[in-house]
Amino acid sequence: GDATFTGDVAIGNNSLSSFDTWQKNIVVGSGVTDAGITLYHGSGAGNQGAIYFADGNTGTDRYRGIISYNGADEMKFHTSTTERMRITSGGNVLINNTSNLIGERLNVTGNGIVIEQTNGGAATLLGNFGSVYSILGAYTNNAVQIRTNNLERISIDTSGNVQFNQYGAGTLVT
């Protein structure tokens, strides 16, 4: 049946006042030992366990954000009512897509990926970024290298000069 509580709920915790107002509606655990919540759902393809984030109680406001796990062993993340990321049972990560293209471990559907150093340094670009061309390059003033076996094979310096590794001997030629 249904149960309604008018106040905050603590399970295994007696210090609700230690938590901010927005984070203490339900508190599980004492902070001393392990704690957890289990969503137990059927194992069929149409069954799922989910956490819903609502902005209201009508229409799509009831499920603006969702984290779900389904009978196909996939974890899904939704924002603005739309699936944005999926982790498949095989560990593949799909962003803005619901299926792999060629069996890849990471599939990002969109204009591109920027990989930036944490200190704000070099940024690597991969994608088309609205262009008709595929782009692999550096956003900042850094050279680009193509490597195999962790050895430089081709490089493009910041002036656009291309160098090739000659016969694997380690000598670069332009």
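A brief structural summary. A quick note: this is a predicted structure, and the numbers were derived from the prediction, not measured.

1. Looking at the overall build of the chain
A tally of regular secondary structure across the chain gives 0 helices and 15 strands. Here the chain has a C-alpha radius of gyration of 25 Å; the compact-globule value for 174 residues is 16 Å, and the former is much larger. For the chain, the spread of C-alpha atoms along the three principal axes comes to 75 × 40 × 30 Å. Residue burial in the chain is summarised as follows: out of 174 residues, 15% are buried.

2. Considerations on the side chain of S68
With respect to the element layout, S68 can be found in strand β4 (residues 65-70). Owing to a relative accessible area of 3%, S68 belongs among the buried residues under this scheme. Filtering out sequence-adjacent residues up to four positions away, S68 remains in contact with Q48, G49, A50, E74, M75, K76 and H78.

3. Some points on the sheet that holds strand β7 (residues 93-95)
Taken in spatial order, the 6 strands make up an open sheet running β3-β4-β5-β6-β7-β8, and their pairing is mixed. Since the sheet does not close on itself, it has two edges, and those belong to β3 (48-53) and β8 (106-108), each with one partner. The average angle at which neighbouring strand axes cross in this sheet is 15 degrees, direction not considered. In the sheet, strand β6 (residues 82-87) pairs with β7 via 3 bridges, with the strands oriented antiparallel. Pairing of M85 across the sheet is with I95, part of β7.

4. Considerations on the sheet that holds strand β9 (residues 112-116)
Spatial strand order, β9-β10-β11: 3 strands in an open sheet with antiparallel pairing. Looking at which strands have only one partner, the edges of the open sheet turn out to be β9 and β11 (135-138). Across the sheet, the mean angle separating the axes of adjacent strands is 10 degrees when strand polarity is ignored. Across 5 bridges, β9 lies against strand β10 (residues 123-127) in antiparallel orientation. Bridge assignment links E116 to a residue of β10, and that residue is A123.

5. Description of the pattern of salt bridges
By the definition in use, this model includes 4 salt bridges. A cluster of three or more residues bridged by salt bridges with shared partners is formed by E74, E83 and R86.

6. Regarding the layout of surface pockets
By volume, the largest pocket amounts to about 230 Å³. As for the largest pocket, its lining consists of 14 residues, of which V108, G112, I113, L126 and G127 are closest to the centre. Where the lining of the largest pocket is concerned, the elements lending two or more residues are β8, β9 and β10. A per-element tally of the lining of the largest pocket places β8 first, with 3 residues. For the lining of the largest pocket, a count of residues per class yields 6 nonpolar, 7 polar and 1 charged.

7. Some words on a nonpolar patch on the surface
Nonpolar side chains collect at one region of the surface, where I37, L39, I51, F53 and I67 lie side by side and expose about 480 Å² of accessible area between them. Note that I37 resides in the loop between β2 (26-28) and β3.

8. Considerations on the pairing of β6
Look at any regular strand and the pattern is simple: side chains alternate between the two faces of the sheet. With 5 bridges joining them, strand β5 (residues 75-79) and β6 adopt antiparallel strand pairing. By the bridge assignment for β6, K76 is matched with R86. Between the antiparallel neighbours β5 and β6 lie 2 residues, among them S80 with a positive phi of about 50 degrees. Where β6 folds back onto β7 in an antiparallel hairpin, the turn is made up of 5 residues, including G91, whose phi is positive at roughly 90 degrees.

9. Considering the environment of G91
Mapped onto the elements of the fold, G91 is located in the loop between β6 and β7. With relative accessibility at 34%, the residue G91 sits in the partly exposed group. Taking the C-alpha atoms as reference points, G91 and Y63, separated by 28 residues in sequence, lie 26 Å from one another.

Cut-offs used in this document
- Residues numbered from 1 in each chain as written.
- Predicted model: local features only at pLDDT ≥ 70, side-chain atom pairs only at ≥ 80, totals over all residues.
- Heavy atoms only, no water.
- Helix = DSSP H or I, 4+ residues; strand = E, 2+ residues; numbered from the N terminus.
- Rg over C-alpha atoms; globule rule 2.2 N^0.38 Å.
- Buried < 20%, exposed > 50% of the residue type's maximum accessible area, 1.4 Å probe, protein only.
- Contact = heavy atoms within 4.5 Å.
- Pairing = 2+ DSSP bridges.
- Axes fitted to C-alpha atoms, helices over the stretch in contact; angles between N-to-C directions.
- Salt bridge = Lys/Arg side-chain N within 4 Å of Asp/Glu carboxyl O.
- 1 Å grid on protein atoms, 1.4 Å probe; cavity = no way out; pocket = protein on both sides within 12 Å on 5 of 7 lines; lining within 4 Å.
- Points joined across faces, edges and corners; volume = space filled by probe spheres on them.
- Nonpolar A, V, L, I, M, F, W, Y, C, P; charged D, E, K, R; others polar.
- Patch = residues over 30% accessible without salt bridge, like charges linked within 9 Å, V, L, I, M, F, W, Y side chains within 5 Å.
- Areas by Shrake-Rupley, 256 points an atom, 1.4 Å probe, with all protein chains shown as cover.

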